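As a plain string of letters, each chain reads:
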Amino acid sequence: MPGTVYTTLRRLEARRFVEGRWEDAAIAEAERRPRRRYYTLTPQGASALEEAGERLTALARGVRRAVSGASDR
Amino acid sequence: MTPAWPTDLATRWSRRALGLASRLVPAASRTEWRHEWDAELWHLRRPSASSGPLRLVVFVLGAFWHALWERKEGWRLESVRQDVRYGLRTLVRSPGFAASAALMLALSIGASTALFSVIEASLLATPPFPQADRLVVVDTLFGMPGGPMGPSEWSYRRFQALRDDVQSIEDLSGYELRTMTLTEMGSPEVIGVETVSPSIFPLLGVQAARGRVFGRAEEDDGTADLVAVVGHAFWRTRLGSAPDVVGRTVTLDQLRFQIVGVLPEGFEGLTGGADAWIPFSALREVENPGALDDAWNQYFSVVGRLAPGVSIETARSEVETFGATITTRFPAPVGATRIVASAGVVPYREARMNPLARTSMLALFAAVVLVLLIATANLAGLLLARGASRQREAAIRVSLGAGRSRLVRQLLTESLTLAAVGGGLGLVAAWFGVGVLGAWLGDAIGTSGGRGLEYLDPDVLSINWRVLVFAIVLTGGVGIAFGLLPAWQAARTDPNASLKSDRRTVVGSAGPGGRGGLIVVQVAVALVLLAGASLMMRSLANMQRVDLGYDPDNLLTAIYSLTPADEQAGIDSGTFHGEFLERVRGLAGVVGVTLGEVPMGGPTRQTLVMGSEGRPELNPAMHVRIRMQAVADGHFGVLGTRVVMGRDIEFADDDRVDRVIVLNETAAAELFPEGSPLGRRIQLPWPGYLGMGATVVGVVADQQLGEPGRPRELQGFVPFRQAPQLDSGLLVRTDGRPGDLAAQVRATLADLNPNIALTSVMSMRDRAAGVTARPRIVTMLLGVFGAVSLFLVAAGLYGTIAFAVARRTRELGLRASLGADRLSLAMLVLRQGIGVTLAGILVGVVGATWATRYLQGLLFGTDGLDPAVLIGVSVLLFGVALLAAYIPARRAMRIDPMVALRAE
């Protein structure tokens, strides 16, 4: 749902993980459409992403081990 | 050029929905929000996309979701920050109002918080022991068949039986606080020593900081174990924190105890007064070899923990079953065979409380909360007045588009900001005040409660999280309470009426009515406070007027004690006391000297009366108790006690002649209801006093030996040469300041025997002052609260009426110009004040009648609220209110009609 996307984007912005930038008005007008807002990942955001990825991987590993351990017994 | 939006219905409706949703978004971010969602819609409706109606619905819902979220975020941050900033600005703009309001709040919130910390520490906090809620005190109860049962102490034999029989309570442990004389560490000193069962340490979760606590080795096996553990403070101050403390000895009552351990810092035993601990088995040496074997030698209390899964009811019934067997298993001593025994279980938290202290603390807390209530009502009144003069501001804001809810929120934020400033200052005040209060209350209400258990350790009083939460909730509550009425008033502002009409003639919608109600509340609450304070004052006066039965002026008092070891070393206590008396009598400045119980100091001895020639039917099971003391010759002459009948104790009353006794009037009347008691005998359970008994040789006036306010009691006086005692009080009548003689008396005793400590050396006046500290401090605090409330009420009433006069200037001027005379103008104003005051007094009288019943237990010599007190405080309040209303009324009288009308 787009609503949750935007609230998430706002939160990410507040934590400076992403940076929003309005598109040049001229381009939008030339194409006769509303201005777009482009979001880019900041270095902070990238490292946070990295960390989150590692955490999830570790979690998955742990869960897998627990599950296989349980089935062994 | 604007975007080329598709013109189909779905897009048009979606854009309309976006417009609606954007209204929810705070204005500051509304444009950007709209842009972004427009872009989103554009993307959704691009020709290449095939989006069905469902996707559009989801899109619109998402937009609303995000808009609401933005609104919530905005509220949280921006508008609150704005309101607070605006609130602070308005407060800074009227510094006088802000300062006095903040001060008033700081003092009342600070006082409430400090008192709450005391309540928290004594009534609410969990004691610092593991599973403290499962700790119980096991009582042993005695009484007459069919009569009330009273808690008593355990003997070691009975305690052993309890421990063997009862399974539902674990770690059953005895404890008892005694004083012992510490020697061979500088000058002799009396310290507090707890005699305990080894299991008390695991029960309380206390482990040794060094060495060990008592264990199986110290369970009584018929021999004496002279071992001790010492407290952390003792180790630090007396042993210089020596690392090799374990194995050293400490000499108590002339016995050498080997130190086996040091307890952790801050632990002072269940009684809160211990410097050192010894096991019960040591009593075989400290007292006598059979000290633990007599089933009726009872002197200690018992605690334990409910076994896992056992309810207190189960434990209670098991203990009661045990209690019923006591008298059959341990036959009562001769003459007391009709005694019935039982046992009971009380939760530790309940058992340790001292009811008088609880009432005192709750009364003080209630009083301080009432003061806070008055302060709150007062502030509400002030803010209402301010609100009325800020009506134009409110009206302008409303007409500029501020929602009413926004207005209310802003005013509430303002009052909360003010409350927060006051509460913050109050917390700081409480932070500093709590230490002082702890020391004070320690003196005032004592820290030792039922069964000798400590219930309040003034050292640990602090602003902990619970107190903090209380202060924050209180501050918030107060802020909302005094902000609500003005906010409600503002919400009802009609911008048209306010802006059109002239500011001075607007009559506030919640004007005089709301403020009148506030005054009624303040007057009523103040009356309750004043009634309570005056009751306590009257009670205190009664207490201080009590005839003590002796002359407390120029009387030096002290306590000292020989030890059983001294006796074993061949010192005869009678000879020793006599020698000491003679030496003190020889000191310059001594008018007279005697031995005996130090009033309000001890040592206190109660004993059963076994029989009386004046009442043949009297037997020990009737539990007639008499307070006994061994005194020197000329005792009543030295103390200034009136001899009603017969004679004083004389020097010739020694162990070569028959035992004699002097009774007080209450004892004489109780034991010899008919005829003169002189020459007749009573029986006492003391060596030499059973059988032949003691002959009554005199009757004296009753003495007040305990705290004033205790009921009359039977008192008996015997010569110390006939009834030798190890410990005694020394009473010295001086011809100058009693304190000046203290050093000389001390030196005299040291000269006679350097191992005996003279303790509790004090003038009788100071001692009496210490005993009446609780009522004095409680009364003083209540008096201060009453005075503060009176002041606040006067200020509140003055403010309200002065404000009303200022607003009615034109009306009053008009009346004056139309011929109203000055007196009737003044009456017009006064009547307003008198009306609300009378209403407040009426409510207050009802409230005081109800509230002061709770003070009953603290009162002495007065049964509670009487009409005189009620009328007195009502008149006082009315007078103050009249004065407060008179000042603005005088201003109303002086209004110059021309000036008033021209001012428009």
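### So, the confidence of the model for chain B
All names here are of chain B. Considering every residue of chain B, the mean pLDDT works out to 84; 93% of them sit at 70 or more. Counting interchain partners and residues more than four positions distant, the pLDDT-below-50 stretch residues 503-511 has 20 contacts. Reported for the predicted complex are a pTM of 0.71 and an ipTM of 0.79.

### Focus on the interface of chain B and chain A
Contact with chain B, which involves 21 residues of that partner, is made by 17 residues of chain A. Here chain B and chain A share an interface that buries about 1,800 Å² over both sides, 66% of which is from carbon and sulfur atoms. Where chain B touches chain A, the interface holds two salt bridges. Where Arg10 of chain A meets Glu70 of chain B, a salt bridge forms, and the shortest distance between an N and an O atom there is 2.9 Å. Connecting chain B to chain A are six residue pairs in polar contact (both at pLDDT 80 or more). If you list the elements that add at least two residues to the side of chain B that touches chain A, you get helix H2 (27-44) and helix H3 (53-93) of chain B. Residue classes in the side of chain B that touches chain A are distributed as 12 nonpolar, four polar and five charged.

### Topic: the sheet that holds strand E13 (residues 555-561) of chain B
All names here are of chain B. In spatial order, the strands read E14-E23-E13-E24; together these four strands make up an open sheet with antiparallel pairing. Of all strands in the sheet, those bounded by a partner on one side alone are strand E14 (590-596) and strand E24 (758-763). Each neighbouring strand pair of the sheet contributes to a mean axis angle of 15 degrees, computed without reference to strand direction. Docked against the sheet, helix H22 (residues 742-752) engages E13, strand E23 (727-734) and E24, running at close to 155 degrees with respect to E24. Sitting on the sheet, helix H23 (residues 764-771) touches E13 and E24, and the angle it makes with E24 is about 90 degrees.

### Remarks on the pattern of salt bridges
Residues and elements named next belong to chain B. With the rule as written, the count across this model stands at 37 salt bridges over all chains. Measuring nitrogen to oxygen at the nearest pair gives 3.8 Å for the salt bridge that ties Asp551 to Arg733. Here the residue Asp551 occupies a position in the loop between helix H17 (512-545) and E13, and Arg733 occupies one in strand E23, the gap between them amounting to 182 residues. Classification of Asp551 by relative accessible area gives partly exposed; the value is 33%. Assessed through its relative accessible area of 10%, Arg733 is described here as buried.

### Quick word on the nonpolar core
With 96 residues, the main nonpolar core has Phe482, Leu782, Phe785 and Leu877 of chain B as its most contacted residues. Among all residues touching Leu782 of chain B, those that are not within four sequence positions of it are Ala363, Leu364, Ala367, Gly532, Ala533 and Met536 of chain B.

### Overview of unusual backbone geometry
All names here are of chain B. The phi angle at Glu184 is positive, at roughly 65 degrees, despite the residue not being glycine. Within the element layout of this structure, Glu184 appears in the loop between strand E4 (169-183) and strand E5 (189-196). Phi is positive for Ser241, which is not a glycine, with a value near 50 degrees. Mapping Ser241 onto the fold places it in the loop between helix H7 (232-238) and strand E8 (249-252).

### Quick notes on helix H13 (residues 391-399) of chain B
For H13 of chain B, every residue scored as buried is listed here: Gln391, Ala394, Ala395 and Val398 of chain B. Buried residues of H13 of chain B, seen end-on, are gathered within an arc of 100 degrees and therefore sit on one face of the element.

### Some remarks on the pairing of strand E10 (residues 276-279) of chain B
Sheet faces and side chains relate simply in a regular strand, where the side chains alternate between the two faces. Residue and element names in this part refer to chain B. Taking every second residue as pointing to the same face, both faces of E10 are buried, with Ala276 and Ile278 on one and Trp277 and Pro279 on the other. As paired strands, E5 and E10 are joined by four bridges and run parallel to one another. In the sheet register, Glu194 faces E10, and the bridge partner there is Trp277. Pairing of strand E7 (residues 227-230) with E10, which is carried by two bridges, proceeds in the antiparallel orientation. Paired with Val230 across the strands is Ala276, a residue of E10.

### Details of the packing of aromatic side chains
Residues and elements named next belong to chain B. The tally for this structure, following the rule as stated, stands at 23 aromatic pairs over all chains. By the ring-pair criterion, three or more aromatic residues cluster together here, those being Tyr156, Phe159, Phe280, Tyr299 and Phe300. A cation sits over an aromatic face here: Arg16 above Trp13, 5.2 Å from the ring centre. We note Arg659 situated over the ring of Tyr689; from NZ or CZ to the ring centre the distance is 5.6 Å.

### Comments concerning the environment of Pro458 of chain B
Residues and elements named next belong to chain B. Positionally, Pro458 belongs in the loop between helix H14 (404-445) and helix H15 (465-491). Overall, Pro458 belongs to the partly exposed group, its relative accessible area being 22%. C-alpha separation for the pair Pro458 and Val434, spaced 24 residues apart in sequence, amounts to 9.1 Å.

### Quick notes on the pairing of E23 of chain B
All names here are of chain B. Within E23, seven of the eight residues are buried, leaving the element largely enclosed by the surrounding structure. Pairing of E13 with E23 involves seven bridges; the strand directions are antiparallel. When the bridges of E23 are listed, Leu555 appears paired with Arg733. In this structure, E14 lies alongside E23, joined through six bridges in antiparallel fashion. Across the sheet, residue Val590 finds its bridge partner in E23, namely Thr734.

### What to know about the packing of helix H19 (residues 573-585) of chain B against H22 of chain B
Residue and element names in this part refer to chain B. It is at 10 Å that the axes of H19 and H22 come closest, and there the two elements cross at 140 degrees. In terms of orientation, H19 and H22 fall into the oblique class. Considering how the two elements wind past one another, H19 and H22 form a crossing that is right-handed. Listed contacts from H22 to Phe576, Glu579, Phe580, Arg583 and Val584 of H19 are Val745, Thr748, Leu749, Asp751 and Leu752. By residue class, the composition of the contact of H19 with H22 is six nonpolar, one polar and three charged.

### Re helix H1 (residues 9-22) of chain B
Residues and elements named next belong to chain B. Under the 1.5 Å per step criterion, the end-to-end length of H1 is 20 Å for 14 residues, consistent within 8% with the ideal 20 Å. Listed in full, the buried residues belonging to H1 are Thr11, Ser14, Ala17, Leu18, Ala21 and Ser22. Each buried residue of H1 lies within a common arc of 135 degrees when the element is viewed along its axis, so the set occupies one face. Exposed residues pointing more than 90 degrees away from the buried face of H1 are listed as Leu9, Trp13, Arg16 and Leu20.

### Brief notes about the side chain of Thr42 of chain A
Mapping Thr42 of chain A onto the fold places it in the loop between strand E2 (37-41) and helix H3 (43-72). Excluding residues that lie within four positions of it along the chain, Thr42 of chain A makes contacts with Arg16, Phe17, Val18 and Glu19 of chain A.

### Considering the packing of H1 of chain B against H2 of chain B
Residues and elements named next belong to chain B. Running from N to C, H1 and H2 point in directions that differ by 155 degrees, and their axes come no closer than 10 Å. In terms of axis orientation, H1 runs roughly antiparallel to H2. Seen along the crossing, H1 lies across H2 with a hand that is right-handed. On H2, the residues that touch Thr11, Ser14, Arg15, Leu18, Gly19, Ala21 and Ser22 of H1 are Arg30, Trp33, Arg34, Trp37, Asp38 and Leu41. Considering only residue class, the contact of H1 with H2 consists of five nonpolar, four polar and four charged.

What counts and how
Residues numbered from 1 in each chain as written. Chains lettered and ligands numbered in written order. Predicted model: local features only at pLDDT ≥ 70, side-chain atom pairs only at ≥ 80, totals over all residues. Heavy atoms only, no water. pLDDT = per-residue confidence, 0-100. Contact = heavy atoms within 4.5 Å. Buried area = accessible area lost by both parts, 1.4 Å probe. Salt bridge = Lys/Arg side-chain N within 4 Å of Asp/Glu carboxyl O. Polar contact = N/O pair within 3.5 Å; in protein donor to acceptor, adjacent residues only side chain to side chain. Helix = DSSP H or I, 4+ residues; strand = E, 2+ residues; numbered from the N terminus. Nonpolar A, V, L, I, M, F, W, Y, C, P; charged D, E, K, R; others polar. Pairing = 2+ DSSP bridges. Axes fitted to C-alpha atoms, helices over the stretch in contact; angles between N-to-C directions. Buried < 20%, exposed > 50% of the residue type's maximum accessible area, 1.4 Å probe, protein only. Core = buried A, V, L, I, M, F, W, Y, C linked by side-chain atoms within 4.5 Å. Arc of directions from axis to C-beta. Phe/Tyr/Trp six-rings, centres within 6.5 Å; stacked < 30°, edge-to-face > 60°. Lys NZ or Arg CZ within 6 Å of the ring centre and 35° of its normal. Parallel < 35°, antiparallel > 145°, perpendicular 65-115°, else oblique. Left-handed = near helix turned anticlockwise from the far one by under 90°. Expected span 1.5 Å × (residues − 1).

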